[in-house]
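Examining the three-dimensional arrangement
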Amino acid sequence: TSILILNGPNLNLLGTRQPEVYGHTTLDDIKALCTQAAKDLGCRIVFEQSNSEGALIDMIHAARGTHDGIILNAGAYTHTSIALMDALASVELPAIELHLSNIHAREDFRHTSYISKVALGVICGFGAQGYPLAIRALHDHLV
Ligand code: DQA
């Protein structure tokens, strides 16, 4: 199986960005966790980040025929982007919505997610460990 792991806006700043909320783990550290989890399971991953909504949509479109499923941490676009929701619905690939923080324990505007409406499931609140959890969950769903 092949899984696309997509990271949205501001996640490139992990490590220094609000460490009290997101921890000290960098996106490169998270990529290493994902690579190890994928190796253990014998699946392939591609790990991407973009701050641009359009670029994320393009990568979701390109996943069709290339990957078997998507793990998406859409950052703040989670709460705003009908376009990302539509892109996921269009490609008909199973997708897991992922967040480092527990969005339900935070500000009201983070309680709404467009991504949840088209996601197979949601993992949030487990910090960087959520990534390997999501890989395992999606891999189990696919095999
Ligand atoms: C986030 C949660 C979002 O509300 C926020 O805008 C982010 C990160 C998380 O991983 O906890 O950028 O997706």
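A few points on the structure. (Residues numbered from 1 in each chain as written. Predicted model: local features only at pLDDT ≥ 70, side-chain atom pairs only at ≥ 80, totals over all residues.)

**What to know about the site of the ligand**
Quick reminder of the rule: Residues are counted as near a molecule or strand when the C-beta atom, derived from backbone positions, lies within 6 Å of that molecule or strand. Under this grouping Gly is polar, as are all residues other than the nonpolar Ala, Val, Leu, Ile, Met, Phe, Trp, Tyr, Cys and Pro and the charged Asp, Glu, Lys and Arg.
Within the structure, the ligand sits among Asn10, Asn73, Gly75, Ala76, Thr78, His99, Leu100, Ser101, Ile103 and Arg110. Counted by class, the shell around the ligand contains three nonpolar, six polar and one charged residues.

**Focus: the sheet that holds strand S2 (residues 44–49)**
The following threshold applies: Between any two strands, at least two bridges found by DSSP are needed for them to pair. Numbered from the N terminus, helices here are DSSP runs of H or I no shorter than four residues, and strands are runs of E no shorter than two. Note on geometry: axes are lines fitted to C-alpha atoms, helical ones only across the stretch in contact, with angles between N-to-C directions running from 0 to 180 degrees.
Read across the sheet, five strands follow the order S2-S1-S3-S4-S5 without closing on themselves; strand pairing throughout is parallel. Here the strands that pair on one side only, and so sit at the sheet edges, are S2 and strand S5 (121–124). Between one strand and the next, the sheet's axes are offset by a mean angle of 20°, whatever the strand orientation. Here strand S1 (residues 2–7) runs beside S2; their pairing, made up of six bridges, is parallel. Bridge pairing in S2 places Ile5 opposite Phe47.

**What about helix H2 (residues 27–41)?**
Our working rule: To estimate the expected span of a helix, count its residues, drop one, and scale the result by 1.5 Å. Burial is judged by counting the other C-beta atoms within 10 Å of a residue's own C-beta: 20 or more makes it buried, 12 or fewer makes it exposed, and any count in between marks it as partly exposed, with every C-beta position built from the backbone. Think of the arc as the fan of directions from the helix axis to the C-beta atoms.
Over its 15 residues, H2 runs 21 Å from end to end, which matches the ideal 21 Å to within 8%, given 1.5 Å per residue. For H2, the complete set of buried residues consists of Ile30, Cys34, Ala37 and Ala38. Looking straight down H2, one finds its buried side chains confined to an arc of 100°; they lie on one side. Facing away from the buried side of H2 by over 90 degrees, the exposed positions are Asp28, Gln36, Lys39 and Asp40.

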